[in-house]
Amino acid sequence: MDQNKLKQAAATAALDFVRPDSIVGVGTGSTVAFFIDGLAQRKDTLRGAVSSSEDSTQKLQAAGIEVFDLNTVSELDLYVDGADEITPQQHMIKGGGGALTREKIIAAVASQFVCIVDQSKQVDTLGTFPLPVEVIPMARAYVARELEKLGGKPVWREGVVTDNGNIILDVHNLMIKNPVALETQLNQITGVVTNGLFACRGADIVVVGTAQGPQIHK
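Being a predicted model, the structure only gives us computed values, none of them experimental.

S.K.: I'm lost on the nonpolar core in this one. Help?
M.R.: Nonpolar side chains in soluble globular proteins tend to be buried together. One finds Val26, Phe35, Leu39, Val114, Ile116 and Val207 to be the most contacted residues of the largest nonpolar core, which totals 24 residues. If you list the elements that add at least two residues to this core, you get α1 (3-14), β1 (23-26), α2 (30-41), β3 (76-81), β6 (110-118) and β12 (205-209). For Phe35, the residues in contact, after removing those within four places along its chain, are Ala11, Ala14, Leu15, Val18, Val24, Val26, Val80 and Ile116. If you look at the next biggest cluster of nonpolar residues, it comprises 20 residues, including Leu131, Ile167, Leu169 and Leu197.

S.K.: Can you help me understand the sheet that holds β3 in this one?
M.R.: Whenever strands of a sheet pair, they do so through backbone hydrogen bonds, lying parallel or antiparallel. Within the open sheet, the six strands sit side by side as β2-β1-β3-β6-β12-β13. Their pairing is mixed. Of all strands in the sheet, those bounded by a partner on one side alone are β2 (48-51) and β13 (215-217). In this sheet, adjacent strand axes meet at a mean angle of 25° when their direction is disregarded. Of the strand pairs in this sheet, β12 and β13 are connected by three bridges, and their pairing is antiparallel. In the strand pairing of β13, Val208 is matched with Gln215.

S.K.: Where do I start with the packing of α1 against α2 in this structure?
M.R.: The packing of two helices is summarised by the inter-axis angle and the distance between the axes. Where α1 meets α2, the closest approach of the two axes is 8 Å, and the angle between their N-to-C directions is 50°. In terms of their interaxial angle, α1 and α2 are classed as oblique. As for how α1 packs across α2, the hand of that crossing is right-handed. In this structure, α1 uses Asn4, Lys7, Gln8, Ala11 and Ala14 to contact α2, whose residues at the interface are Ser30, Thr31, Phe34 and Phe35.

S.K.: For this particular structure, what's the right way to read the sheet that holds strand β11 (residues 197-198)?
M.R.: Pairing in this open sheet of three strands is antiparallel, and the strands run β4-β5-β11 from one edge to the other. Whereas interior strands pair on both sides, the edge strands pair on one side only; in this sheet they are β4 (85-86) and β11.

S.K.: Any chance you could explain the pairing of strand β9 (residues 167-172) here in plain terms?
M.R.: Where a strand is regular, its side chains alternate between the two sheet faces. Counting buried positions over the six residues of β9 gives five, a clear majority of the element. Across four bridges, strand β8 (residues 153-156) lies against β9 in antiparallel orientation. Within β9, the position partnered with Val155 by the bridge is Asp170.

S.K.: Is there a simple way to explain the state of the cysteines in this structure?
M.R.: The term disulfide refers to a covalent linkage connecting the sulfur atoms of a pair of cysteines. Under the criterion given, the structure shown has zero disulfides. In this structure Cys115 is not part of a disulfide, and its nearest cysteine sulfur, from Cys200, lies 16 Å away. Residue Cys115 is classed as buried on the basis of its relative accessible area of 0%.

S.K.: Looking at this structure, how should I read the side chain of Asp81?
M.R.: On the secondary structure map, Asp81 appears in strand β3. Judged by its relative accessible area of 0%, Asp81 is buried. Beyond its immediate chain neighbours, meaning those up to four positions away, Asp81 contacts Gly27, Thr28, Val32, Lys94, Glu103, Phe113, Val114, Cys115 and Ile116.

S.K.: Which parts of the structure should I look at to understand the layout of surface pockets?
M.R.: Think of a ball as big as a water molecule: rolled over the atoms, this probe shows where empty space is left. The computed volume of the largest pocket comes to approximately 240 Å³. Surrounding the largest pocket, 20 residues form its lining, Thr28, Gly29, Gly82, Ala83 and Asp84 being those nearest its centre. Of all the secondary-structure elements, those providing two or more residues to the lining of the largest pocket are α2 and β6. The greatest single-element share of the lining of the largest pocket, amounting to three residues, is contributed by β6. Broken down by class, the residue content of the lining of the largest pocket amounts to four nonpolar, nine polar and seven charged. Estimates place the volume of the second largest pocket at around 200 Å³. Together, 13 residues line the second largest pocket, and Ser51, Phe68, Asp69, Leu70 and Arg102 are the ones closest to its centre. Breaking the lining of the second largest pocket down by element, the ones donating at least two residues are β2, α3 (54-62) and α4 (100-109). The element that contributes the greatest number of residues to the lining of the second largest pocket is α4, accounting for three residues.

Cut-offs used in this document
Residues numbered from 1 in each chain as written. Predicted model: local features only at pLDDT ≥ 70, side-chain atom pairs only at ≥ 80, totals over all residues. Heavy atoms only, no water. Core = buried A, V, L, I, M, F, W, Y, C linked by side-chain atoms within 4.5 Å. Buried < 20%, exposed > 50% of the residue type's maximum accessible area, 1.4 Å probe, protein only. Helix = DSSP H or I, 4+ residues; strand = E, 2+ residues; numbered from the N terminus. Contact = heavy atoms within 4.5 Å. Pairing = 2+ DSSP bridges. Axes fitted to C-alpha atoms, helices over the stretch in contact; angles between N-to-C directions. Parallel < 35°, antiparallel > 145°, perpendicular 65-115°, else oblique. Left-handed = near helix turned anticlockwise from the far one by under 90°. Disulfide = S-S within 2.5 Å. 1 Å grid on protein atoms, 1.4 Å probe; cavity = no way out; pocket = protein on both sides within 12 Å on 5 of 7 lines; lining within 4 Å. Points joined across faces, edges and corners; volume = space filled by probe spheres on them. Nonpolar A, V, L, I, M, F, W, Y, C, P; charged D, E, K, R; others polar.

As far as function goes, none of this settles anything; it's purely spatial.
In structure tokens form, the structure reads like this:
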């Protein structure tokens, strides 16, 4: 089956978790774009959304969905986002689209995190997909040296500036056997804003688009 159809199937299934009259946390990426299309069909039943990126904000507003600043929202029932890789333990690598910091903030606030992926994103061990690390620009070279000490090969994603005004190092050659420990360790490097490991706060529910239909893992 076409990969986009698998993404759409996962995104459509995730709409079942959206409560009427709620504010929904919305992530970033190609699978989330299908979720936004689904939200647009039921926008009259929503209060609005909180968005993890300028790109998703534009899509939501174009669909006629009000976008709230997270600072004005005291609680968030649901956050829906994709992943670049996800394990059976529901640990993830995210940040291929560069929105990892805002994604991690919204995930921290949300009571429930639903991850939507197609089946190609499922892995036993994280690390085949390069791990994004958001870095304060002046710390780029220092952080790169520290990442090399950990066995990684950091590559500057040149020409990319995050919505927060920072840069991204994509770390290759990591096979991540303890994602919770590594997530914590990387965040202790001075100059790192955050990294794309979502393990300390993983997904609560994963909706996987497969050729046999959407599968839900809790």
